[in-house]
Amino acid sequence: MSATPLPAIVPERTALLAMDFQNGTVPRAPEPDALIDRIKGAIADVRAVGGTIGHVRAGFTEDEWAAVPETNKHFTAVVAAKRLHHEDALTQIDARVAPEDGDIVVRKIRVGAGSTTDLHEQLGARGIDTLILAGLSTSGVVLSTFMDAIDRDYRVFILSDGGADLDPEVHRVLVEKVFPNRGGYVIDTAELRELLKSG
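Cut-offs applied
Residues numbered from 1 in each chain as written. Predicted model: local features only at pLDDT ≥ 70, side-chain atom pairs only at ≥ 80, totals over all residues. Heavy atoms only, no water. Helix = DSSP H or I, 4+ residues; strand = E, 2+ residues; numbered from the N terminus. Rg over C-alpha atoms; globule rule 2.2 N^0.38 Å. Buried < 20%, exposed > 50% of the residue type's maximum accessible area, 1.4 Å probe, protein only. Contact = heavy atoms within 4.5 Å. Lys, Arg positive; Asp, Glu negative; His and termini not counted. Charge placed at Lys NZ, Arg CZ, Asp CG, Glu CD. Axes fitted to C-alpha atoms, helices over the stretch in contact; angles between N-to-C directions. Parallel < 35°, antiparallel > 145°, perpendicular 65-115°, else oblique. Nonpolar A, V, L, I, M, F, W, Y, C, P; charged D, E, K, R; others polar. Pairing = 2+ DSSP bridges. Right-handed = clockwise from strand over helix to strand, strands pointing away. Core = buried A, V, L, I, M, F, W, Y, C linked by side-chain atoms within 4.5 Å. Salt bridge = Lys/Arg side-chain N within 4 Å of Asp/Glu carboxyl O.

### Section: the overall build of the protein
Here is step 1 of the chain: Secondary structure assignment for the protein yields seven helices and six strands.
Here is step 2 of the chain: Taken over C-alpha atoms, the radius of gyration comes to 16 Å for the protein, in line with the 16 Å a tight globule of 199 residues would show.
Here is step 3 of the chain: A total of 199 residues make up the protein; the buried ones form 48% of that total.
Here is step 4 of the chain: The long-range fraction of contacts in the protein, counting pairs at least 24 apart against all pairs at least 6 apart in sequence, stands at 77%.
Here is step 5 of the chain: Taking the average place of the 21 positive charges on the side chains of the protein and the average place of its 30 negative ones, the gap between the two points comes to 2 Å.

Put into structure tokens, the structure is as follows:
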């Protein structure tokens, strides 16, 4: 899908980030079962070559709710509705893509995967310089994490069929225009499998 030549993926320096595949989020995606099957396959493919899997989920403690300032329009609405409590079943990672021993797991309290977690420290400790992003939603966690990762000098691949958005047109514009024009490599899960085989 990428118009530019794709760089090789070096498994030991690569992490697939599966972001916000939570019990309360997955059912809202178009064809959620097919999406989960694709993510399961991508995770298995990256594991098979020795890459790292990272899981990102959103969830708040009561103290974290209380610390959200009124200037944050999005998360004050979350707090007002008492949504995304970290112990709620809806904030847990979908069991079909559950973490395994050795995976990175972080819990965030903002949109992006890195600003409120130690994700980048954990990635750095493993020598990772390449990220493969998949998540719900494209205009939320994927976009926010992508821009942060580009600023931190990662090589970034985005799985075009590894996420979705409530607005399909927003997903299309991000995947076809924004990500490739901002330094990302847009591929689908089948292309990822082929890249991993040729690496």
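### With respect to the packing of helix H1 (residues 32–48) against helix H7 (residues 189–198)
Here is step 1 of the chain: Viewed as axis vectors pointing N to C, H1 and H7 meet at an angle of 10°, and their least axial separation amounts to 10 Å. The pairing of H1 with H7 is recorded here as roughly parallel in orientation. Taking contact as the criterion, the partners of Arg 38, Gly 41, Ala 42, Asp 45 and Val 46 in H1 are, on H7, Thr 189, Leu 192, Arg 193 and Leu 196.
Here is step 2 of the chain: Of the residues in the contact of H1 with H7, the class split is four nonpolar, two polar and three charged.

### Some details on the pairing of strand E4 (residues 130–136)
Here is step 1 of the chain: Counting buried residues along E4, seven of its seven residues qualify, which places the element largely inside the surrounding structure.
Here is step 2 of the chain: Every second residue of E4 is oriented toward a common face, with Thr 130, Ile 132, Ala 134 and Leu 136 on one face and Leu 131, Leu 133 and Gly 135 on the other, all of them buried.
Here is step 3 of the chain: In this sheet, E4 lies alongside strand E1 (residues 14–19) in parallel orientation, the contact comprising six bridges. What sits directly across from Thr 14, in E4, is Thr 130.
Here is step 4 of the chain: For E4 and strand E5 (residues 155–164), the ladder comprises six bridges, and the chain directions are parallel. Note on E5: the bridge partner recorded for Thr 130 is Arg 155.
Here is step 5 of the chain: A crossover connection joins E4 to the parallel E5 through helix H5 (residues 138–151); in handedness this β-α-β unit is right-handed.

### So, the nonpolar core
Here is step 1 of the chain: Among the nonpolar cores identified, the biggest contains 25 residues, and Leu 16, Phe 21, Ile 132, Leu 159 and Leu 192 are the most heavily contacted of them.
Here is step 2 of the chain: Among the elements of the structure, E1, H1, E4, E5 and H7 are those that each provide at least two residues to this core.
Here is step 3 of the chain: If one sorts the elements of this core by residue count, H1 sits on top with six residues.
Here is step 4 of the chain: Those residues in contact with Leu 159 that sit more than four places away from it in its chain are Leu 16, Ala 42, Ile 132, Leu 133, Ala 134, Ile 187, Asp 188, Thr 189 and Leu 192.

### Overview of the pattern of salt bridges
Here is step 1 of the chain: Under the definition given, this model contains 13 salt bridges.
Here is step 2 of the chain: For Asp 129, the salt bridge goes to Arg 13, with nearest N and O atoms at 2.9 Å. Linking Asp 129 in the loop between helix H4 (119–125) and E4 with Arg 13 in the segment before E1, this pair joins segments that are 116 residues apart in sequence.
Here is step 3 of the chain: Judged by its relative accessible area of 34%, Arg 13 falls in the partly exposed class.
Here is step 4 of the chain: Residue Glu 100 pairs with Arg 47 through a salt bridge whose shortest N-O separation is 3.6 Å. Placement of the pair is Glu 100 in the loop between helix H3 (73–80) and strand E3 (104–108) and Arg 47 in helix H1, with a sequence separation of 53 residues.
Here is step 5 of the chain: For Glu 100, a relative accessible area of 48% corresponds to the partly exposed category.
Here is step 6 of the chain: Using a relative accessible area of 25% as the deciding quantity, one classes Arg 47 as partly exposed.
Here is step 7 of the chain: A single salt-bridge network, built from bridges that share partners, covers Asp 33, Asp 94 and Arg 96.

### Topic: the sheet that holds E5
Here is step 1 of the chain: One open sheet holds the six strands; their spatial order is E3-E2-E1-E4-E5-E6, and the pairing between them is parallel. Edge positions in the open sheet fall to E3 and strand E6 (185–187), since each of these has one partner strand only. Sheet twist, expressed as the mean angle between neighbouring strand axes with direction ignored, is 20°.
Here is step 2 of the chain: In this sheet, E3 lies alongside strand E2 (residues 52–58) in parallel orientation, the contact comprising five bridges. Along E3, the bridge assignment pairs Ala 58 with Lys 108.

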